[in-house]
Amino acid sequence: MIFPDYRPRRLRQNGLFRAMVRETRLSSSQFIYPLFIKPGKGVREEISSMPGVLRLSVDQLVREANECLEVGVKSLLLFGLPESKDAAGSGAYAKNGIVQQAVRELKSKVPEIMVVTDVCLCEYTDHGHCGVIVNKEVDNDSTLELLAKTALSHAEAGADMVAPSDMMDGRVAELRATLDENDFSHVPIMAYSVKYASSFYGPFREAADGAPQFGDRCGYQMDPANAREAFREAAMDVEEGADIIMVKPAVAYLDIISKLHAEFDHPIAAYHVSGEYAMIKAAAANGWIDGDRVMMETLLSIHRAGADIIITYGAKDMARILNKR
Ligand code: PBG
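Here is what the cut-offs are and how they apply
Residues numbered from 1 in each chain as written. Predicted model: local features only at pLDDT ≥ 70, side-chain atom pairs only at ≥ 80, totals over all residues. Heavy atoms only, no water. Phe/Tyr/Trp six-rings, centres within 6.5 Å; stacked < 30°, edge-to-face > 60°. Helix = DSSP H or I, 4+ residues; strand = E, 2+ residues; numbered from the N terminus. Buried < 20%, exposed > 50% of the residue type's maximum accessible area, 1.4 Å probe, protein only. Lys NZ or Arg CZ within 6 Å of the ring centre and 35° of its normal. Polar contact = N/O pair within 3.5 Å; in protein donor to acceptor, adjacent residues only side chain to side chain. Contact = heavy atoms within 4.5 Å. 1 Å grid on protein atoms, 1.4 Å probe; cavity = no way out; pocket = protein on both sides within 12 Å on 5 of 7 lines; lining within 4 Å. Points joined across faces, edges and corners; volume = space filled by probe spheres on them. Nonpolar A, V, L, I, M, F, W, Y, C, P; charged D, E, K, R; others polar.

Colleague: Quick question: what am I supposed to make of the packing of aromatic side chains here?
Modeller: Within a pair of aromatic rings, the relevant descriptors are the distance that separates the centres and the angle that separates the planes. Scanning the entire structure with this criterion turns up eight aromatic pairs. Between the aromatic rings of F36 and Y313, the centroid separation amounts to 6.3 Å while the plane-to-plane angle is 5°, which identifies the pairing as stacked. Residue F36 is found in strand β1 (residues 31–38), and its partner Y313 is found in the loop between β12 (309–312) and α11 (315–322); the two are separated by 277 residues along the sequence. Classification of Y313 by relative accessible area gives buried; the value is 3%. Of the aromatic side chains, those joined through ring pairs into one cluster are F36, F79, Y192, F204, Y271, Y277 and Y313. We note K195 situated over the ring of Y201; from NZ or CZ to the ring centre the distance is 5.6 Å. The ring of Y201 carries K248 above its face, with NZ or CZ at 4.6 Å from the centroid.

Colleague: I would appreciate a short explanation of the side chain of S198 in the present structure.
Modeller: If you trace the backbone, S198 turns up in the loop between β9 (190–195) and α6 (202–208). There is a polar contact of 2.9 Å between the side chain of S198 and the backbone nitrogen of F200. With residues up to four places along the chain from it excluded, the contact list for S198 reads R205, Q221 and P249.

Colleague: When you look at empty space enclosed by the protein in this model, what are you seeing that I'm missing?
Modeller: The gaps left among the atoms become clear once a water-sized probe is rolled over them. What the rule picks out here adds up to one cavity of 30 Å³ or more. Its boundaries defined by the atoms lining it, the largest cavity holds a volume of some 160 Å³. Every residue lining the largest cavity is counted, 19 residues in all, and those nearest its centre are C122, K195, Y201, F204 and K248. For the lining of the largest cavity, the class distribution of residues is nine nonpolar, four polar and six charged.

If you want it as structure tokens, here you go:
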């Protein structure tokens, strides 16, 4: 019998002991804050299902980036809402596309903030799928070249890192080869390696206007029932040259984060997605939970499970709390 010799409460009796033996600490350096960029001037539009998250025009970005730096958020993830959409998602790889403009603006005026770009076609295609359609299916191999063009255009604009979220097979290798051939061998790839066909993306699709106009994404994103398949996806991406592997969503998939953390030595990112954020905000707005505390506990848990990097809409608010003196 170990009790009463061992009493776990001894090291919980006050804040000094608790801080001394704390196993996991969150830091705002781990956060990546997603932003949605729209055409126009002076646009600051709140997304109704994601309180606190804005769609911004390019001219509003410098102010936003400076606010982020002030509270301790050092990295942004950009999503674009283009002026117009077409079947091939050409806005994604246009030299003067919305994200390319945003990256140039940020890197010229706030160079100290890290700019990561989402590489995908779904916000730019009129059908809302993440690749081009051939015979009513999302065609893998003809999409690869367009994704690589997108990543290259982001790197040329000055992106610090690219993050492919499309889930086409072989896209990491394609992006790596294209970046390397064009003197961007220093630009890392954060691959959405383990991205599930999740219903938690609902609010994002409103925010980014990227819902599929027919069918769903089950033919390319992973089945939420599968855990072992995550190893194959992650191993492939690592083999193809991914620098960071991502699991998405985060909270409903903490088991996957934990397993990948045990198996791989590449840094692991987790995307705390729109639906996961919106649920906390909605419950808090009803007075049912303390929103800030639940958000912090959620991010801490994602980190404890094994994520080194957390992409979250709560980044600014949580950084403000973490860095308060
Ligand atoms: C685009 C993309 C999506 C998200 C990030 N990139 C939507 C989707 O795959 O349908 C979701 C992010 C979120 O819900 O916060 N492929």
